[in-house]
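Listed here are the chains, written in short residue letters.
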Amino acid sequence: MTRTTVRSDAPDDLRSRVSGAVVTPADVDFDAARAVWNSMIDRRPAAIVRAAGVEDIAPTIGFARERGLDLAVRGGGHNVAGSGTVSDGIVLDLGELTEVTVDPAARTVRVQSGATLAHVDAATAPHDLAVPVGVVSGTGIAGLTLGGGMGWLTRAYGLTADNLVAVDLVTADGRPVTATETENPELFWALHGGGGNFGVVSAFTFRAYPLGPRVFAGNLVYGQERWRQAWAALDEWTRELPDAMTTITSTLTPPPLLGLGEAPVLLIGFVWASPDRAAGEALVDRLRALAPPDVEEVGDVSWVEWQSAVDAMFPRGVRAYWRNTSFDRLDDEVVDVLVRRGAEQTWYGTGFDVHHLGGAFGRVPQDTTAFPQRSARFWLNVYGFWGDAADDDDRVAFVRGLSADLDPFATGGQYVNFQGQEVTGHRVQDPRVVFGERAFERLVAVKRQYDPDNVFRLNHNIPPR
Ligand SMILES: Cc1cc2nc3c(=O)[nH]c(=O)nc-3n(C[C@H](O)[C@H](O)[C@H](O)COP(=O)(O)OP(=O)(O)OC[C@H]3O[C@@H](n4cnc5c(N)ncnc54)[C@H](O)[C@@H]3O)c2cc1C
């Protein structure tokens, strides 16, 4: 697409086509409207359309295409690489479309694409149901789902995308299309991990599962002298875990709100997604026996509270850079890297999470979805975030350093949702590496069918040719 200068009649023309607000650099709320979660992404769109309804989607796509303008699509604005915004182009912001409708009998949930995880959990919790989503409640359901969606129910019920029943979207030519297992099945396949490449989603329908209102969950906390023992225990413990137990192990310098001091700590966090509490307790006892924690906070918590428990650690407007890798081993070589790098983090903000996988996630056959890697035991997300631009180089170097140290152990694939931008530009990693050659070729074929002109390219882009 060639970029053209925005003509002065553009905002009026756009306003005449949509019912939502159109915010331009001339408006007082422009800076608030253009801000995304990662404040390193400082882009100035020509206009931001705040869709007031699904009917605003097609005219916005049409306007951007007619004028030859780049189009960014935004849900929750959490994408760390900043793909939900663009300079000099149009941002289609769906953040006001947040309706969530639960069908308790069918155990399905229809979610408009501007909803956050908080909207989804708030709507399902009164029915003691949950959709497997991510761990920070302000994250957008759209970007999360289209990339995959990992969280506290991944081993129990798979990725967020694994629980899609239907996706309603508007394609590049303005057509409403529904994708299900039987209707447009190749598109449906691509929407399980292939990102925002194929159209603008208006709504997702998910399967939901009985859960709560309280769950057995918590954190076992280890000071530095016990890290090796904790990693060894995790290696052994996770080999025989039932699906209902999902753990995420974090190494970070704790924020003051946790009251854990200022030195880096290792936290084994878990959620037991089963009503058989005694069985969950027995499993946690076994972990305690393998590696007694220095401190712990374990018990029955409200699912909704648990889902927003770490929100304050990830505020909007921080500076951020992330990378990820999958691996199979927690042997001495890998643990050496995790312990050495973990101890280097003496500042609050940056940390890394090791998601234990397998379970329902691991049993989904690789070719059933576009998600790049199902067989690895672990997926690591190293997340840097900080407040001062003077720290950019150091923090980015830490994230890249840990990622590079783990390269020799990587089992392949990249999780698009845990990728940051390369700091100097809008460059993201080669999609052949991200998705693997076979899935990449299949994604290209779907892209060619639904977006041959690559209108939706501000993402981890699948080129149509
Ligand atoms: C604090 C924080 C915590 C996170 N925790 C988790 C976690 O627990 N698990 C996990 O898996 N991920 C997590 N993530 C990563 C998250 O999944 C991605 O950043 C995701 O892209 C965010 O989606 P969004 O809608 O908020 O982002 P946006 O920036 O709004 O959108 C990201 C991209 O998604 C696409 N998109 C958005 N809306 C639409 C739409 N309606 N139609 C088509 N395409 C669309 C576009 O390509 C867009 O560029 C977290 C991110 C942050 C910042």
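If you're wondering where the values come from, they're calculated on a predicted model, not measured in any experiment.

## Comments concerning the pattern of salt bridges
Tallied over the full model, the rule gives 35 salt bridges. D27 is paired through a salt bridge with R15; the nearest N and O atoms lie 3.6 Å apart. Of this pair, D27 sits in the loop between strand 1 (21–23) and helix 2 (30–34) while R15 sits in helix 1 (residues 10–17); the two residues are twelve residues apart in sequence, bridging distant segments of the chain. D27 sits in the partly exposed class, given a relative accessible area of 27%.

## Examining the site of the ligand
Lining the immediate surroundings of the ligand are 34 residues, of which G75, G77, S83, M150 and Y415 lie closest. In the model, an oxygen atom of the ligand is placed 2.7 Å from a nitrogen or oxygen of the G77 main chain. A distance of 3.5 Å is found between an oxygen atom of the ligand and a backbone nitrogen or oxygen belonging to G84. Protein contacts shield 97% of the accessible area of the ligand, which totals 960 Å² for the unbound molecule. Looking at the shell around the ligand, the elements that each hand over two or more residues are strand 3 (71–74), helix 5 (141–147) and strand 10 (200–207). Within the shell around the ligand, the residues separate by chemical class into 16 nonpolar, 17 polar and one charged.

## Concerning the sheet that holds strand 4 (residues 90–93)
Read from one edge to the other, the open sheet built from four strands follows the order 1-2-4-3, with strand pairing classed as mixed. Looking at strand neighbours, the two that pair on one side only are strand 1 and strand 3, the edges of this open sheet. Pairs of neighbouring strands in the sheet enclose a mean axial angle of 20 degrees, with direction left out of account. Its contacts with the sheet place helix 3 (residues 57–67) against strand 2 (47–50), strand 3 and strand 4, and it is angled at close to 170 degrees to strand 4.

## Concerning the sheet that holds strand 9 (residues 176–179)
Taken in spatial order, the five strands of this open sheet run 5-6-10-8-9, and their pairing is antiparallel. Where the open sheet ends on each side, the last strands, each with one partner, are strand 5 (100–103) and strand 9. Going from strand to strand, the sheet's axes swing by 15 degrees on average, the running direction of each strand aside. As judged from the four bridges shared by strand 8 (residues 164–170) and strand 9, these two strands associate in the antiparallel manner. Bridge pairing in strand 9 links V170 to P176. Strands strand 8 and strand 10 of the sheet are contacted by helix 3, whose axis makes an angle of about 140 degrees with strand 10.

## Describing helix 4 (residues 117–124)
Turning to helix 4, its buried residues number three or more, namely L117, V120, D121, A123 and T124. The arc enclosing the buried residues of helix 4, seen along the axis, measures out at 165 degrees, which places them on a common side. On the buried face of helix 4, the contacting elements are strand 5, strand 6 (108–112), strand 7 (129–130), helix 5 and helix 10 (303–307).

## Notes on unusual backbone geometry
Of note, the bond from G212 into P213 is cis; its omega dihedral lies within 30 degrees of zero at 15 degrees. Within the element layout of this structure, P213 appears in the loop between strand 11 (209–210) and strand 12 (214–222). Here the phi dihedral of R107 falls at roughly 55 degrees; this positive angle occurs in a residue that is not glycine. In this structure, R107 sits in the loop between strand 5 and strand 6.

## Regarding the domain arrangement of the protein
Quoted interface sizes are often the accessible area lost when the parts come together. Domain parsing of the protein yields domain 1 (10–93), domain 2 (100–211 + 441–450) and domain 3 (214–418). Domain 1 and domain 3 are separated by 34 Å when their C-alpha centres are compared. Facing the ten residues of domain 1 at the interface are eleven residues of domain 3. Where domain 1 abuts domain 3, roughly 900 Å² becomes buried across the two surfaces, and 54% of that area is made up of carbon and sulfur atoms. At the junction of domain 1 and domain 3, the tally comes to zero salt bridges. Across the contact surface, domain 1 and domain 3 share seven residue pairs in polar contact (both at pLDDT 80 or more). When grouped by side-chain class, the residues that make up the side of domain 1 that touches domain 3 number five nonpolar, five polar and no charged.

The rules behind these values
- Residues numbered from 1 in each chain as written.
- Predicted model: local features only at pLDDT ≥ 70, side-chain atom pairs only at ≥ 80, totals over all residues.
- Heavy atoms only, no water.
- Salt bridge = Lys/Arg side-chain N within 4 Å of Asp/Glu carboxyl O.
- Helix = DSSP H or I, 4+ residues; strand = E, 2+ residues; numbered from the N terminus.
- Buried < 20%, exposed > 50% of the residue type's maximum accessible area, 1.4 Å probe, protein only.
- Near = heavy atom within 4 Å.
- Polar contact = N/O pair within 3.5 Å; in protein donor to acceptor, adjacent residues only side chain to side chain.
- Areas by Shrake-Rupley, 256 points an atom, 1.4 Å probe, with all protein chains shown as cover.
- Nonpolar A, V, L, I, M, F, W, Y, C, P; charged D, E, K, R; others polar.
- Pairing = 2+ DSSP bridges.
- Axes fitted to C-alpha atoms, helices over the stretch in contact; angles between N-to-C directions.
- Contact = heavy atoms within 4.5 Å.
- Arc of directions from axis to C-beta.
- Domains from an automatic or database assignment.
- Buried area = accessible area lost by both parts, 1.4 Å probe.

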